[in-house]
Amino acid sequence: VRMLSFSFIGYEVQDVAISPQMTVRMKPSSQQLEEVVVTRMVRTDKRLFTGATDQLKGENVKIDGMAEISRGLEGRSAGVSVQNVSGTFGTAPKIRVRGATSIYGDSKPLWVVDGVIMEDIAEVSADDLSSGDAITLVSSAIAGLNPDDIESFQILKDGSATSIYGARAMAGVIVVTTKRGRAGTSSINYTGEYTVRLKPSYRNFNIMNSQEQMGVYKEMEQNGWLTYAKLNRAASSGVYGHMYDLFNYDPATGTFPMENTPEMMNRYLQDAEMRNTNWFDELFQTNVMHNHSIGVTAGTEKTQFYGSLSAMFDPGWSKQSKVNRYTTNLNVTHRILPNLSINLGSTASYRKQKAPGTLSQELDVVSGEVRRDFDINPYSYALNT
């Protein structure tokens, strides 16, 4: 039997068998006609909404193995830019919904969860996000949200959002709607995620070994760049700086740790040539990050209920970067009258985190040099233990 397919915007696709007396009746697509735009606690018919907006389903944004929802928005909506300046949990990515709307102020969007504005725990500017300061670890307003609780995102992209939320919405608004109970539906859902992270390997990087590195240092010494006078007060003096420190008098023992002779210098440098420390073995560990979430949905015509609990355990890919996070979410809607209902919503989260520290950026006002270490420095574990 040959079939003809009929389609039109706003109507469901109809597949009809070809016949001399065929009749085609198109059915409106109720899913598109009933679509709404959630701005605050107000639901507006999409056909009547005049602003620029984009709606994303939570299940499409969620990325398996990633416990923070803000990072999943990358590439999901036209004009929305997401830049992850650090891979450490709790650090907010740099998100731009309407571009750079201010020269000196912040251009980050406003987060609204179920009608409640989520304030950042610490105000961190775009420059501070990449400063390496430890305050960036608590800069995300929504790090305590469980991705499995998210029903949808509504991204408000134009200036009409300022009439709803005020001047703070100048850079755009991301409205998060969490899941709710449904009448006549009762279910229990469990989600378990296990993510294995292996140690990095030197085979994947084009890095000099210790002997090649010491050869470069030797050339620099011969050119007069690694003398004792230049390295004596340097912040990072490397192998040669440590060698020169061994020439200094040790008051504790009353001796010099190493004789200042060419033979002793060469012996020390030859030992350094053969070290070949595998820093990936020293600083990283193969681990399994696991995330568990359980949600309960129940409801009648009068009362709908949704509750969830989640727990995330991350032993840390680099040593001393452990994260444990626990969240709970509760939504109850009770209909008093046909046109009057009460909604109770509550969320709570607890996070215990370790992170290897780092230094903030430093500015030399004389030379104009700006110096900074890693965002969160994994080598801190080797330097301080």
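Here's a quick rundown of the structure. Please read all numbers here as calculations on a predicted model, not as lab measurements. (Residues numbered from 1 in each chain as written. Predicted model: local features only at pLDDT ≥ 70, side-chain atom pairs only at ≥ 80, totals over all residues. Heavy atoms only, no water.)

## With respect to the sheet that holds strand β10 (residues 150-156)
Pairing between the strands of a sheet comes from backbone hydrogen bonds, and it takes one of two forms, parallel or antiparallel.
Here is step 1: The five strands lie next to each other as β5-β10-β11-β8-β9, forming an open sheet whose pairing is mixed. The open sheet has two edge strands, β5 (53-57) and β9 (116-118), and neither has a second partner. For this sheet, the mean inter-axis angle between neighbouring strands, taken without regard to orientation, is 25 degrees.
Here is step 2: Where β10 and strand β11 (residues 173-178) come together, six bridges link them in antiparallel fashion. When the sheet's bridge partners are listed, S152 is paired in β11 with T177. (Pairing = 2+ DSSP bridges. Helix = DSSP H or I, 4+ residues; strand = E, 2+ residues; numbered from the N terminus. Axes fitted to C-alpha atoms, helices over the stretch in contact; angles between N-to-C directions.)

## Side note on the environment of N276
Here is step 1: Among the secondary structure elements, N276 is positioned in the loop between α8 (262-273) and α9 (279-283).
Here is step 2: In this structure N276 comes out as partly exposed when scored by relative accessible area, which is 41%.
Here is step 3: Put simply, N276 and M208 are 68 residues apart on the chain and 9.6 Å apart in space, counted from C-alpha to C-alpha.
Here is step 4: Among residues more than four places away in sequence, those in contact with N276 are N209 and S210.
Here is step 5: Side-chain polar atoms of N276 contact the backbone nitrogen of S210, separated by 2.8 Å. (Buried < 20%, exposed > 50% of the residue type's maximum accessible area, 1.4 Å probe, protein only. Contact = heavy atoms within 4.5 Å. Polar contact = N/O pair within 3.5 Å; in protein donor to acceptor, adjacent residues only side chain to side chain.)

## A few points about the pattern of salt bridges
Here is step 1: Evaluation of the coordinates by the stated rule reveals eight salt bridges.
Here is step 2: Residues E221 and K218 are paired through a salt bridge, measuring 3.2 Å at the closest nitrogen-oxygen approach. Separated by three residues within a single helix, E221 and K218 lie in helix α5 (residues 210-222), roughly one turn from each other.
Here is step 3: Its relative accessible area of 31% is what places K218 among the partly exposed residues. (Salt bridge = Lys/Arg side-chain N within 4 Å of Asp/Glu carboxyl O.)

## Let's talk about the pairing of strand β15 (residues 323-337)
Here is step 1: Across 12 bridges, strand β14 (residues 303-314) lies against β15 in antiparallel orientation. Counted as the bridge partner of Y306 is N331 from β15.
Here is step 2: As paired elements, β15 and strand β16 (residues 340-353) share 14 bridges and run antiparallel to each other. Paired with R335 across the two strands is S341, which belongs to β16.
Here is step 3: Counting the residues that bridge the hairpin from β15 to β16 gives two residues.

Purely geometric stuff here, so don't read any function into it on its own.
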